[in-house]
Amino acid sequence: MLTILLDGVAYGMLLFVLASGLSVTLGLMNFINLAHGAFAMVGGYVTALMMNRAGVPFLLTLPAAFLIPAILGAALERTLYRRLYGATPLDQVLFTIGLVLMAMPIAAYLIGDEPQQVHLPQWLSGRIDFHGVGIGVYRLFIILVCGIIALLLQTFLVRTRFGAQLRAAVDDARVAQGLGVDVDRIFAIAFAIGSGLAGLGGALAADVVGGIDPSFPVKFLVTFLIVVTVGGSNGILGALFGSLLLGTLDVAGKYYVPSIGAFIIYAVMVVTLIVRPQGLFARGDGR
Amino acid sequence: MSAADASATTGRLAAHLHRRARWRWGEIVFWLAVLAAIVALPARAGIINEVIIAGLFALSLDLILGFAGIVSLGHAAFFGLGAYAAAILASQGLADPTLGLVFGAAVAAIVGLVTAPLLLRGADLTRLMVTLGVSLMLGEVANRNAWITGGADGLNFSPGRLLGFFPIGFTGQRNAALYSFAVLFILFAIARRLAQSPFGLALAAIRENRLRAGALGIATSRRIVAIYTLAAAYAGAAGALLAETTQIVSLDLFDFHRSADVMLMLIIGGAGWLYGGLIGAAAFIVLRDVISAATPEYWEFWIGLALVILVLSGRERIGERLRRLVAQITPGAARRGVA
Amino acid sequence: MSAPALEARGLSRNFGALIATDDVSFSIDPGARQALIGPNGAGKTTLINLLTGVIRPTAGQVLLEGHDVTHLPSHARVRRGLTRTFQINQLFPDLTPAESLGLAISERNGSGGDFWRVAGGRPAIVAEIEDLLQRFGLDGDLDQPTRKLAYGKQRLLEIALALAARPRVLLLDEPAAGVPEEERRDILAALAALPSDVAILLIEHDMDLVFNFASRISVLVAGRLLTEGAPEAIAADERVRAVYLGEDAHG
């Protein structure tokens, strides 16, 4: 049972890294970005391709899995996304759905439909026996890495000047601008980081989900959205809690009650929304 | 103010309030043209039927998106519900199509009624997610309960004859198209009437300024629940038609991309003026077939590109020009559509 | 003695640490002409929002003609006869004045939920629309989408809409705000012509308007009711002068 719990925590941490970027764009810019999963897919592909075609060791691919989607995100933000910051939610939904619909066939064309597998290095495979409880090494690795990322993010937000500016911009963009904060630049950087994190998450998740294929963005879109909805858009803590909650419930649910399967996370989301429409950790003004 | 001025105002007021009631010649031409197409092109009855059903589905989305301003990513749920309800009914021996149609609409309406209160609270994203979540849950339920729904294999059933007389399944495609046409027309006429009623006006008010609508004494929640339920019923009817006329139901009816497709159809044609869904459905299906013939695997890409361009250019729709022919049917249907 | 048309008892509202409304109690008699003044940020609009049910109080009660309406949603209060106008126009951009008024009237007489009748089919309602249009000088624009109307006309429509509900109590939130000079007179005339059996609370910054209109003035400062009284008394009150002079020194 502890194994299940750890598996759930690992999955939850993974979801956190994947969804944190979405939480930021939503909380920061009130922008509904349904194409977020595409960046995760890019990151996953970067790792898989670098490993499979260029023989690059797994760990070394991870920085690239972060950087490439980050750069892509920054580029798209500058050119396309920023035109829609003031648009209606419907427009944002349509636009980002359009982007996803474009991204998937492009991936299929360039790389093919076959899922690209990430073969974990020897030292990350297998299980450890810890006081009679079997734990996957990779799962531990994920928990560790994602935990560090979460800490880094929290420190970044709370302790650095940029983080303070970001939080100011989230609270009230106009006031922040009046105080001299370059809101445009903040948005761009936040978006890039969010996309990079998605990519990193995608790379880490590749083994867990059985490979990266072109349908990845849509397959996991819903999960990301659920995490963000349940966790609320109030920063790292909410996203972390939401991810862990959903991760453990999903894994536990599928193991103990397989006949219900994915139903559980959907039900959790709907129940959460009934009880607290802004998500579990929303800001006071209920945004 | 002189008596002449006063009566001029009265006349102008009356004309203004009644301006939408009469069916314009453009509308009459439209409906006759569709009917003529079914009669004159029996070989194309299958695809015409598909367009009609998609049009009804898009119309149902218009009722909530165009009228009430609610963005739903899960409208396919009601379509799927209606389809499966009719199919299950038929597979159990109650195969009369009209019965299936009513049953499908009713089942969808009940689910719509039950889930509507979830829409009332929270911001846009919440609503979006609730609609999506509900449709995915239903999809999972359908998946897991293969003993009723046939699961991934689908269901085996035959619709009865329409009015005991006309076959409408595989073998009666032209009848099927006429049947769908009749259902679409009746439901459309009802929706059109609704649009011009005080209820329809209230929905427009809720969409344009919910705060003020409340300040006028409108019980906004109740109205929204009512229109959502009706929209669910319409979608359910469309689903039932699909099941009965194509004899195929599958789990992918609950998929997210079905909800995305219907939204796209409505946006292409323009939300808020009732004809948008019909025109958009036709355009979408024709476009899809043309593009798929040219590049079968990648037609999704072109649809995505079209969507991106559509949004970036400010959502000018095909419907814009046609609109002038048909004139505004619904109150306050803004040029830009929704919310 | 009959119950006041509208009464607030110990009304309070805070947003976290910010106290927007602080234990406000006052009442408005039937048919009264009362005004609420105070410097910017005093919480006047918050108070209106509390009275009309747009936001919930953290403490206190609202009574409408003696009935406790504190827990009723806005639209229910409207049905009981309490309406308001908004400081920033809250209109329906693509509906015409005729349609907007028709809607308000239909809601009032209970036929707002009709889904089969074509709007505009009831002669009584149409006559009432026409009357309102004429009274507010909007008959020239009756079939234009609201967003095309001049700002002053929109402001008049704002008031007409509130009146269409035949309220017993009407709260006007800065009706003349932002209205260009030429169109102000129409607003003033409309205010003067309001039915005498309706109790009216006017929030305004324009002191001429306030002193011309009100027979009783309440002063709100930092969420608290500073003082109330007849116009002459308020005009002479040192504390009131200090509050406004203090503000002028900054602004």
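Remember, it's a predicted structure, so these values are computed and weren't measured experimentally.

Analysis parameters
- Residues numbered from 1 in each chain as written.
- Chains lettered and ligands numbered in written order.
- Predicted model: local features only at pLDDT ≥ 70, side-chain atom pairs only at ≥ 80, totals over all residues.
- Helix = DSSP H or I, 4+ residues; strand = E, 2+ residues; numbered from the N terminus.
- Rg over C-alpha atoms; globule rule 2.2 N^0.38 Å.
- Buried ≥ 20, exposed ≤ 12 C-beta atoms within 10 Å, placed from the backbone.
- Contact = placed C-beta atoms within 7 Å.
- Pairing = 2+ DSSP bridges.
- Axes fitted to C-alpha atoms, helices over the stretch in contact; angles between N-to-C directions.
- Parallel < 35°, antiparallel > 145°, perpendicular 65-115°, else oblique.
- Left-handed = near helix turned anticlockwise from the far one by under 90°.
- Nonpolar A, V, L, I, M, F, W, Y, C, P; charged D, E, K, R; others polar.
- Expected span 1.5 Å × (residues − 1).
- pLDDT = per-residue confidence, 0-100.

A. Geometry of the overall build of chain A. Helix and strand counts for chain A come out as 11 helices and two strands. Relative to the 2.2 N^0.38 estimate, which gives 19 Å for 287 residues, the radius of gyration of chain A is 19 Å and therefore close to what a compact globule would have. Viewed in the frame of its principal axes, chain A has a C-alpha envelope of about 60 × 45 × 35 Å. In chain A, buried positions account for 51% of the 287 residues. Of all intrachain contacts in chain A linking residues separated by at least 6 positions in sequence, the fraction that spans at least 24 positions is 77%.

B. Inspection of the overall build of chain C at higher detail. Helix and strand content of chain C: nine helices and 10 strands. The C-alpha atoms of chain C give a radius of gyration of 19 Å, which matches the 18 Å a tight globule of 251 residues would have. Its C-alpha atoms give chain C principal-axis dimensions of roughly 55 × 40 × 40 Å. Considering chain C as a whole, with its 251 residues, one finds that 46% of them fall into the buried category. Put simply, 68% of the contacts in chain C that link residues at least 6 apart link residues at least 24 apart.

C. Representation of the sheet that holds strand β1 (residues 6-15) of chain C in the model. All names here are of chain C. Ordered in space as β2-β1-β4-β5, the four strands form an open sheet in which the pairing is antiparallel. Looking at which strands have only one partner, the edges of the open sheet turn out to be β2 (18-28) and β5 (67-68). Note: strand β4 (residues 59-64) against β5, two bridges, orientation antiparallel. Considered in β5, the bridge of Leu 63 is made with Asp 68.

D. Local environment of the packing of helix α4 (residues 76-91) of chain B against helix α11 (residues 220-246) of chain B. All names here are of chain B. α11 packs onto α4 with a crossing angle of 50° between their chain directions and a minimal axis gap of 6 Å. Here α4 lies oblique to α11, going by the angle between them. The element α4 and its partner α11 pack so that their crossing is right-handed. Each of Phe 78, Phe 79, Gly 80, Leu 81, Gly 82, Ala 83, Ala 85, Ala 86 and Ala 87 in α4 lies in contact with α11, whose residues at this interface are Ala 232, Ala 235, Gly 236, Ala 237, Ala 238, Gly 239, Ala 240, Leu 242, Ala 243 and Glu 244.

E. Expanded view of the pairing of β2 of chain C. In this sheet, β2 of chain C lies alongside β1 of chain C in antiparallel orientation, the contact comprising seven bridges. Considered in β2 of chain C, the bridge of Glu 7 of chain C is made with Ser 27 of chain C.

F. Looking closely at the interface of chain C and chain B. Contact with chain C, which involves 40 residues of that partner, is made by 33 residues of chain B. It is helix α3 (residues 97-108) of chain C that provides the largest number of residues to the side of chain C that touches chain B, a total of eight residues. Class assignment for the residues of the side of chain C that touches chain B results in 17 nonpolar, 12 polar and 11 charged.

G. Region of interest: helix α9 (residues 216-231) of chain A. Here α9 of chain A is 16 residues long and its end C-alpha atoms lie 22 Å apart, about the 22 Å a rise of 1.5 Å per residue gives. A large share of α9 of chain A lies buried, amounting to 15 of its 16 residues.

H. A look at the sheet that holds strand β3 (residues 33-37) of chain C. All names here are of chain C. Judged by pairing direction, the sheet is mixed, and its six strands sit side by side in the order β6-β7-β8-β3-β9-β10 without closing on themselves. At either end of the open sheet lies a strand with only one pairing partner, and these are β6 (82-84) and β10 (224-229). Strand-to-strand twist of the sheet, defined as the mean angle between neighbouring strand axes without regard to direction, takes the value 20°. As defined by bridge partners, strand β9 (residues 216-221) adjoins β10 across five bridges and the pair is classed as antiparallel. Across the sheet, residue Val 221 finds its bridge partner in β10, namely Arg 224.

I. Inspection of the confidence of the model for chain C at higher detail. Averaged over all residues, the pLDDT of chain C equals 86, while 97% of them reach at least 70. Per-element averaging of pLDDT across chain C places helix α9 (residues 238-250) of chain C at the bottom with 67 and β6 of chain C at the top with 93.

J. The arrangement of the environment of Asn 33 of chain A in detail. Residue and element names in this part refer to chain A. Tracing the chain through its elements places Asn 33 in the loop between α1 (2-29) and α2 (36-54). In this structure, the C-alpha to C-alpha distance between Asn 33 and Gly 21, residues 12 residues apart in sequence, is 9.8 Å. Asn 33 has contacts with Leu 22, Thr 25 and Thr 96, leaving out every residue within four places of it along the chain.

K. Just helix α4 (residues 123-135) of chain C, in detail. Residue and element names in this part refer to chain C. For α4, which comprises 13 residues, the first-to-last C-alpha distance of 18 Å matches the rise-based estimate of 18 Å (1.5 Å per residue) to within 8%. Along α4, the residues classified as buried are Ile 125, Val 126, Glu 128, Ile 129, Glu 130, Leu 132 and Leu 133. The positive-phi residue at the C-terminal boundary of α4 is Gly 137, with phi of around 70°.

L. Main features of the packing of helix α3 (residues 58-79) of chain A against helix α8 (residues 183-208) of chain A. Residue and element names in this part refer to chain A. Axis separation between α3 and α8 bottoms out at 7 Å; the angle between their running directions is 140°. By the angle class used here, α3 and α8 are oblique. Like other packed secondary-structure pairs, α3 and α8 cross with a definite hand, here right-handed. Looking at the contact of α3 with α8 residue by residue, the classes come out as 16 nonpolar, six polar and two charged.

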